[in-house]
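# Overview (structure and organization)
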Amino acid sequence: MTRYYFDIRDDTGLYPDEEGLEFVTQREAEMEAAHALADLARDLAVADERRDVSVEVRTDAKRVFQAALIVSGSNIKQ
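Residues numbered from 1 in each chain as written. Predicted model: local features only at pLDDT ≥ 70, side-chain atom pairs only at ≥ 80, totals over all residues. Heavy atoms only, no water.

## Concerning the overall build of the chain
In terms of regular secondary structure, the chain is built from one helix and five strands. Written out in order from the N terminus, the α and β elements of the chain read β-β-β-α-β-β. Of all 78 residues assigned to the chain, the portion counted as buried reaches 26%. Sequence-distant contacts, at least 24 apart, represent 43% of the contacts inside the chain between residues at least 6 apart. Total accessible area computed for the chain in this model is approximately 5,700 Å², and 49% of it derives from carbon and sulfur atoms. (Helix = DSSP H or I, 4+ residues; strand = E, 2+ residues; numbered from the N terminus. Buried < 20%, exposed > 50% of the residue type's maximum accessible area, 1.4 Å probe, protein only. Contact = heavy atoms within 4.5 Å. Areas by Shrake-Rupley, 256 points an atom, 1.4 Å probe, with all protein chains shown as cover.)

Rendered as structure tokens:
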């Protein structure tokens, strides 16, 4: 098993994952990152915040991948 760390980055900075989670495959870590990003997007929508956020995934040895939510568009208010 490999321990993966899910660091959160947004406009205010980087928030490192100190504990991580163990998975057998990288695909499992990718699914976890997607779920974490969906949770972050849901929290930002409720807070009415529009900012980019990413989950940067690493192991003890290297950076593996990044999943990102990028908010782009006009400032039209409804």
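## Quick word on the pairing of strand β5 (residues 63–69)
Pairing of strand β4 (residues 53–58) with β5 involves six bridges; the strand directions are antiparallel. By the bridge assignment, Ser54 is partnered in β5 with Ala68. Counting the residues between successive antiparallel strands, the hairpin from β4 to β5 contains four residues. (Pairing = 2+ DSSP bridges.)

## Some points on the packing of aromatic side chains
Within the structure shown, the criterion is met by two aromatic pairs. Ring plane angle 50° and centroid distance 6.2 Å describe the contact between Tyr4 and Phe23, whose orientation is recorded as tilted. You can see Tyr4 sitting in strand β1 (residues 2–10) and its partner Phe23 sitting in strand β3 (residues 21–23), a full 19 residues away along the chain. As far as burial versus exposure is concerned, Tyr4 and Phe23 are alike and both buried. Judged by relative accessible area, Phe23 falls into the buried class, the value being 15%. Clustering of aromatic rings is evident, with ring pairs tying together Tyr4, Phe6 and Phe23. (Phe/Tyr/Trp six-rings, centres within 6.5 Å; stacked < 30°, edge-to-face > 60°.)

## Focus on the environment of Val53
You can see Val53 is positioned in strand β4. Through-space distance from the C-alpha of Val53 to that of Ile70 is 6.7 Å; in sequence the pair is 17 residues apart.

## Some points on the environment of Arg58
Here Arg58 shows up in strand β4. C-alpha separation for the pair Arg58 and Gly20, spaced 38 residues apart in sequence, amounts to 9.1 Å. Ignoring anything within four residues of it in the chain, the contact list for Arg58 reads Arg3, Tyr4, Tyr5, Asp7, Pro16, Asp17, Arg63 and Val64.

## Digging into the nonpolar core
Looking at soluble globular proteins, one finds that nonpolar side chains tend to be buried together. Of all hydrophobic cores here, the largest spans twelve residues; its members are Tyr4, Phe6, Phe23, Ala29, Ala33, Leu37, Leu44, Val53, Val55, Val57, Phe65 and Ala67. Looking at this core, the elements that each hand over two or more residues are β1, α1 (26–46), β4 and β5. The element that contributes the greatest number of residues to this core is α1, accounting for four residues. With residues near it in sequence (within four places) discarded, Phe6 still touches Asp17, Leu21, Phe23, Ala29, Glu32, Ala33, Val55, Glu56 and Val57. (Core = buried A, V, L, I, M, F, W, Y, C linked by side-chain atoms within 4.5 Å.)

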